Amino acid sequence: MINSEENIIQKPKTPRSPQIKLHEQSLSRTMIFIVFGSLILITGYTLTHLDTAGVHVDEAFKGLAITLNQMFLQPNAGSDGVPLLLQALASTVMLSILTTIIGAVFGFLFAVLASKNLTNAYLGAGIRVAMAIVRAIPTIIWALIFSIVCGLGTTAAVLGLSFHSIAYLTKAYSESIEGIDKSTIESLKVTGAKFWVVVFQAIWPTIVASLVSWTFIRLEINFANAIAVGAAAGAGGIGYQLFVASGMSFDFHETGFIVYLVILVTFALEFIAVKIRQIYLNR
Amino acid sequence: MLEVKNLQKSYEKDRPALTDISFDIKPGTFVAIIGPSGAGKTTILRSLNQLIKDDDGQILLDGNDIRTANKTQLRKYRRQIGMVFQNYNLVERLTVIENVLHGRLGYKSTLAGVFGRYTQEEKEEAMSLLKKVGLEKFALKRCSELSGGQKQRVGIARSLIQHPKVILCDEPIASLDPASAQNVMELLKDLTEEYNLICIANLHQINMAKKYADQIIGIRKGRLVFDESADLLSEDILRTLYDQDITKELE
Amino acid sequence: MMQSPKKYLAHKGWHQTAVIALIGGIYVFGSWALNFNSVDGFIAVPKAFAWLGIYFRPTAHSMEYLPKIWQKLIQTVLLAISSTVVAAIVSIFVALLGSKVTGINSFVQTIVRGVASFFRNIPLVAWSMILLFSFKQSDFTGFLALLLMSIGYLIRAFMEIIEDEASETMLALKATGASYFQVIFQAVLPQILPSILSWILYMIENNVRDATLVGILTGTGIGFIFDIYYKSFRFDAAGMTVLAIIIVVIALETISNQIRRVIL
Ligand SMILES: Nc1ncnc2c1ncn2[C@@H]1O[C@H](COP(=O)(O)OP(=O)(O)OP(=O)(O)O)[C@@H](O)[C@H]1O
Ligand SMILES: [Mg+2]
């Protein structure tokens, strides 16, 4: 067994000092404390004042269990049939890819113009503010707004999804660009290269891996948003089928089937993203 | 007294990382383990406090086998064995003194440890150890604000407050500039004598090993090829150890 | 892999052209398949903004909607916050169980990972609709939908934070003989707290936006009120709602950024 381990170091004989502090009051500690405290208080208040519309919560949970059981354990293609659902799924995937491409192209151009280390301060600040406003408006509202002008359909969905993508990718890309080492840019600038030459010869190769990562993250978001727009704006695709199955015909077996399809696609997208990122990182 | 007998370890089948390692170390000895990259130095060090579970052999600390200890006993052994890391492994967001006090956790009840309740004696000892490593002015600074050499000295203070019999250092100076490296090595050497410790350090700098260590252990491809007092380390041995001439290192 | 420089550059040029052609091809094919006309699309943008400028502009008359909008917006923010906080509390425990650093064993880790990504990938629309079916049109429905979605995201984020930031200190404290809970509370939690908070703030912002969608689908909060104005052609009021959303989201983002600057 273990013996007299306490006596290995002689305790130093220091005079009894007053209480030793372990840390000083720092702004960061106080801030964390305050933020967590307020969040908990707000949550407590909200949960105790939550309107449940007179629903018996325990019964509702029982109902939910039944629904989930139908969805996940007994999925089937329902009245729409597999071919129709697959077609709707394909069009939603296509929609998300298309809007990601638009978002990436415009996002990159705006990002270059908005990055602090590349352009003049006013243009940059202007773009950043505009993009912050565009980003603040949820995708679904963009889609609804455009559907008033262009009518309900693909164009409204494409524009609505693209707007948010552009704003999101502008921010993400320009953060990558701002992270570039100054010397990389300067070394080409001193050769007298033109602005866009510097962009495509120095900046692009340096950050291409991170651009690819962000673009695929956005693709996954766009897929989710495309479903949402299809459901809430009636813009078609698998989102609309999902909305009809779960909110109009209440066929939860079909809902489950659609959810499984969606999950399958997101897994596939994640897998492809990982593979392509590997290719770009290894080069 | 630390005795290691016939230690074996392989991470993958049929690819032994350690084969039949045996050595003894007396208290008050500063030991350097040297050998090429991938030789198994880290593996030896981490088996000594069972962060890595080895496959076979004996590790006797004052006659008690650490390898066969159960969970509670292992915690008691671990608190007698301090560890110093290449990357310091401090909680960067906490203050220097809080990090030093972490070395006392092994002695505390779970609840007192969870809430970070330390006694006045512990705090005083932490302060005096900080003085010893030359950091008493930094006690309330966040670790993220320290230099590498300072962080490493916090790590050493953290291991000392455990009242250890053994201190294990895995490449303690690999991330430090030459001056801080000298400083840390001298500190370790002095502490070994002062507290009659066993101090084992993995080193890549042979000149450092030769200068500070009392005993040198050479490892090559998981086998022990040298275990003598430091002044017996010769060019011949280094050549077999590293498969090439590195005479310059010895000067 | 020795190549002549000339060959390498030619290969690289060819590769770039191929990638651009592939993306362009996908774009053209996608437009065709979806029946999307790029030219019409681009023309629609200025038209839409001109239209917005005329009809969506809040007028003096739409001021009377403001109290109602404001009330719904506050309610939505409260829901976003409370669902995020509850999700964070659940997620931190699950993440501790499931991360490679602090996890129990590889079986539990695999289960946690699987469940988290399953939750994350179920569309918000599906959560909203099935919850609406059982819990009817109430705040609680919106709360649950946001909660379930957030849990999936936060578990993964927290696990990554733990694995990135706490593995080294975890090892050091283990080596001192500290027990599992001591290590968690003394090393892991203090180390990851700021990153955790940063993610919580991000999730709140995101949930305010998502709450709009949930609201449209389940008839709660700001989404519901926007939907009503929109469907009854009271566009000035709808514009007012959008303006209020913009202000609140940007305010939240600014506050979060300030907090992050102090704590990180
Ligand atoms: N977790 C692990 N899984 C599988 N193999 C490992 C693992 N850790 C180490 N090894 C292998 O065990 C051998 C010894 O590794 P070890 O880390 O002990 O070497 P080292 O002497 O500390 O090297 P270095 O000087 O580079 O730190 C190496 O061949 C290494 O590849
Ligand atoms: Mg090593």
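Source: prediction; values computed, not measured. (Residues numbered from 1 in each chain as written. Chains lettered and ligands numbered in written order. Predicted model: local features only at pLDDT ≥ 70, side-chain atom pairs only at ≥ 80, totals over all residues. Heavy atoms only, no water.)

Attention shifts here to the overall build of chain C. The helix and strand inventory of chain C stands at 10 helices and zero strands. In chain C, the order of α-helices and β-strands from amino to carboxyl end is α-α-α-α-α-α-α-α-α-α. By its C-alpha atoms, chain C is 70 × 60 × 40 Å across when sized along the principal axes. Relative to its 264 residues, chain C shows a buried fraction of 56%. At a minimum sequence separation of 6, the contacts of chain C that also span at least 24 residues come to 74%. Total accessible area on chain C is roughly 11,900 Å²; 70% of this is exposed by carbon and sulfur atoms. (Helix = DSSP H or I, 4+ residues; strand = E, 2+ residues; numbered from the N terminus. Buried < 20%, exposed > 50% of the residue type's maximum accessible area, 1.4 Å probe, protein only. Contact = heavy atoms within 4.5 Å. Areas by Shrake-Rupley, 256 points an atom, 1.4 Å probe, with all protein chains shown as cover.)

In the UniProt entry, the feature "domain: ABC transmembrane type-1" (unreviewed entry) is given for residues 73-256 of chain C. Between the end C-alpha atoms of residues 73-256 of chain C the distance is 18 Å, and the span holds 88% helix and 0% strand. (UniProt positions renumbered as here; feature names shortened; annotations may be inferred.)

All names here are of chain B. Every one of the 13 residues lining ligand 1 counts as a neighbour, but S37, G38, K41, T42 and T43 are closest to it. Contacts to ligand 1 include G38, whose backbone N or O atom sits 2.8 Å from an oxygen atom. Bound to the protein, ligand 1 loses 61% of the 640 Å² it would expose on its own. Contributing elements (two or more residues each) for the shell around ligand 1: β1 (2-12) and α1 (41-48). Broken down by element, the shell around ligand 1 gets its largest block of residues, three residues, from α1. (Near = heavy atom within 4 Å. Polar contact = N/O pair within 3.5 Å; in protein donor to acceptor, adjacent residues only side chain to side chain.)

Residues and elements named next belong to chain B. Look at helix α6 (residues 148-160) against helix α7 (residues 178-194): their axes get within 10 Å of each other, and the N-to-C directions meet at 15 degrees. The angle between α6 and α7 falls in the class roughly parallel. Between α6 and α7 lies a crossing whose hand is right-handed. Residues G149, Q152, R153, I156 and L160 of α6 form the contact with α7, whose participating residues are S180, N183, V184, L187, L188 and L191. Among the residues forming the contact of α6 with α7, the class breakdown is six nonpolar, four polar and one charged. (Axes fitted to C-alpha atoms, helices over the stretch in contact; angles between N-to-C directions. Parallel < 35°, antiparallel > 145°, perpendicular 65-115°, else oblique. Left-handed = near helix turned anticlockwise from the far one by under 90°. Nonpolar A, V, L, I, M, F, W, Y, C, P; charged D, E, K, R; others polar.)

So, about the pattern of salt bridges. All names here are of chain B. Considering all chains together, one arrives at 17 salt bridges over all chains under this definition. In this structure, the salt-bridge partner of E145 is K141, at a minimum N-O distance of 3.8 Å. Judged by relative accessible area, which is 48%, E145 ranks as partly exposed. (Salt bridge = Lys/Arg side-chain N within 4 Å of Asp/Glu carboxyl O.)

Nonpolar side chains in soluble globular proteins generally cluster together in the buried interior. Counting residues in hydrophobic clusters, the biggest one holds 209 residues, and the most contacted among them are I140 of chain A, I216 of chain B together with F56, F158 and V188 of chain C. Looking at this core, the element that brings in the most residues is helix α8 (residues 180-218) of chain C, giving 17 residues. Composition of this core by domain shows at least three residues from each of domain 1 (5-54) and domain 2 (63-263) of chain C. Those residues within four positions of F56 of chain C in sequence are excluded, and the remaining contacts are I145 and I148 of chain A together with W51, F226, F235, D236, A238, G239 and V242 of chain C. L2, F23, M83 and L168 of chain B belong to the second largest nonpolar core, which has 31 residues in total. (Core = buried A, V, L, I, M, F, W, Y, C linked by side-chain atoms within 4.5 Å. Domains from an automatic or database assignment.)

Okay, the UniProt feature "transmembrane region" (unreviewed entry) in chain C next. All names here are of chain C. The UniProt feature table records "transmembrane region" (unreviewed entry) at residues 12-33, 39-56, 77-99, 111-133, 140-159, 179-204, 211-231 and 237-255. Between the C-alpha atoms that bound residues 39-56 there is a distance of 25 Å. The span itself is 100% helix and 0% strand. A distance of 29 Å separates the end C-alpha atoms of residues 111-133, which is 91% helix and 0% strand.

Residues and elements named next belong to chain B. When β1 meets strand β2 (residues 15-25), the two strands line up antiparallel, connected through seven bridges. By the bridge assignment for β2, V4 is matched with F23. Between β1 and β2, which pair antiparallel in sequence order, lie two residues; one of them, D14, sits at a positive phi of approximately 65 degrees. (Pairing = 2+ DSSP bridges.)

Contacts between chain A and chain C engage 78 residues on the former and 71 residues on the latter. Both sides together, the interface formed by chain A and chain C hides about 6,400 Å², and carbon and sulfur atoms give 84% of it. Contact with chain C buries surface across chain A, with M94, L98 and I148 of chain A losing the most and accounting together for 8% of the total. Inspection of the chain A/chain C interface yields two salt bridges. Across the pair R120 of chain C and E270 of chain A runs a salt bridge, and its minimum N-O distance is 3.7 Å. At the boundary of chain A and chain C, one finds seven residue pairs in polar contact (both at pLDDT 80 or more). No other element matches the 13 residues that helix α1 (residues 27-48) of chain A contributes to the side of chain A that touches chain C. (Buried area = accessible area lost by both parts, 1.4 Å probe.)

This part takes up the pairing of strand β7 (residues 166-170) of chain B. Residue and element names in this part refer to chain B. In terms of residue burial, β7 counts as a mostly covered element, since five of its five residues are buried. Where burial is concerned, the two faces of β7 agree: the one with V166, L168 and D170 and the one with I167 and C169 are both buried. Relative to β7, strand β6 (residues 81-84) runs parallel, the two being bridged by four bridges. The residue of β7 that forms the bridge with M83 is L168. Viewed along the sheet, the connection from β7 through α7 into strand β8 (residues 198-202) turns out right-handed. (Right-handed = clockwise from strand over helix to strand, strands pointing away.)

Confidence in the prediction of chain A, expressed as mean pLDDT, is 85, and 93% of residues score 70 or more. Throughout residues 1-13 of chain A the model reports pLDDT below 50, and contacts reaching past four residues in sequence, or to other chains, amount to 26 contacts. (pLDDT = per-residue confidence, 0-100.)

This part is about the sheet that holds strand β4 (residues 56-61) of chain B. All names here are of chain B. What the four strands build is an open sheet, ordered β2-β1-β4-β5; its pairing is antiparallel. Two strands close off the open sheet at either side, each with one partner strand: β2 and β5 (64-65). Sheet analysis places β4 next to β5, joined by two bridges and oriented antiparallel. By the bridge assignment, L61 is partnered in β5 with N64.

This part covers the environment of L7 of chain B. Residue and element names in this part refer to chain B. For L7, the location among the structural elements is in strand β1. Accessibility expressed as a relative area gives 0% for L7, which makes it buried. With 12 residues separating them in the primary sequence, L7 and T19 have C-alpha atoms 6.6 Å apart.

One pair of aromatic rings is described through two measures. These are the centre distance and the angle between the planes. This model, assessed by the stated rule, comprises 32 aromatic pairs over all chains. Centre to centre, the rings of F233 of chain C and F235 of chain C are 6.0 Å apart; their planes meet at 80 degrees, and the pair counts as edge-to-face. The class for F233 of chain C is exposed, based on a relative accessible area of 64%. We classify F235 of chain C as buried; its relative accessible area is 13%. Three or more aromatic residues joined by ring pairs make a cluster, and in this case those are W51, Y55, F56, F226, Y230, F233 and F235 of chain C. We note K9 of chain B situated over the ring of Y11 of chain B; from NZ or CZ to the ring centre the distance is 5.0 Å. A cation sits over an aromatic face here: K136 of chain C above F133 of chain C, 5.8 Å from the ring centre. (Phe/Tyr/Trp six-rings, centres within 6.5 Å; stacked < 30°, edge-to-face > 60°. Lys NZ or Arg CZ within 6 Å of the ring centre and 35° of its normal.)

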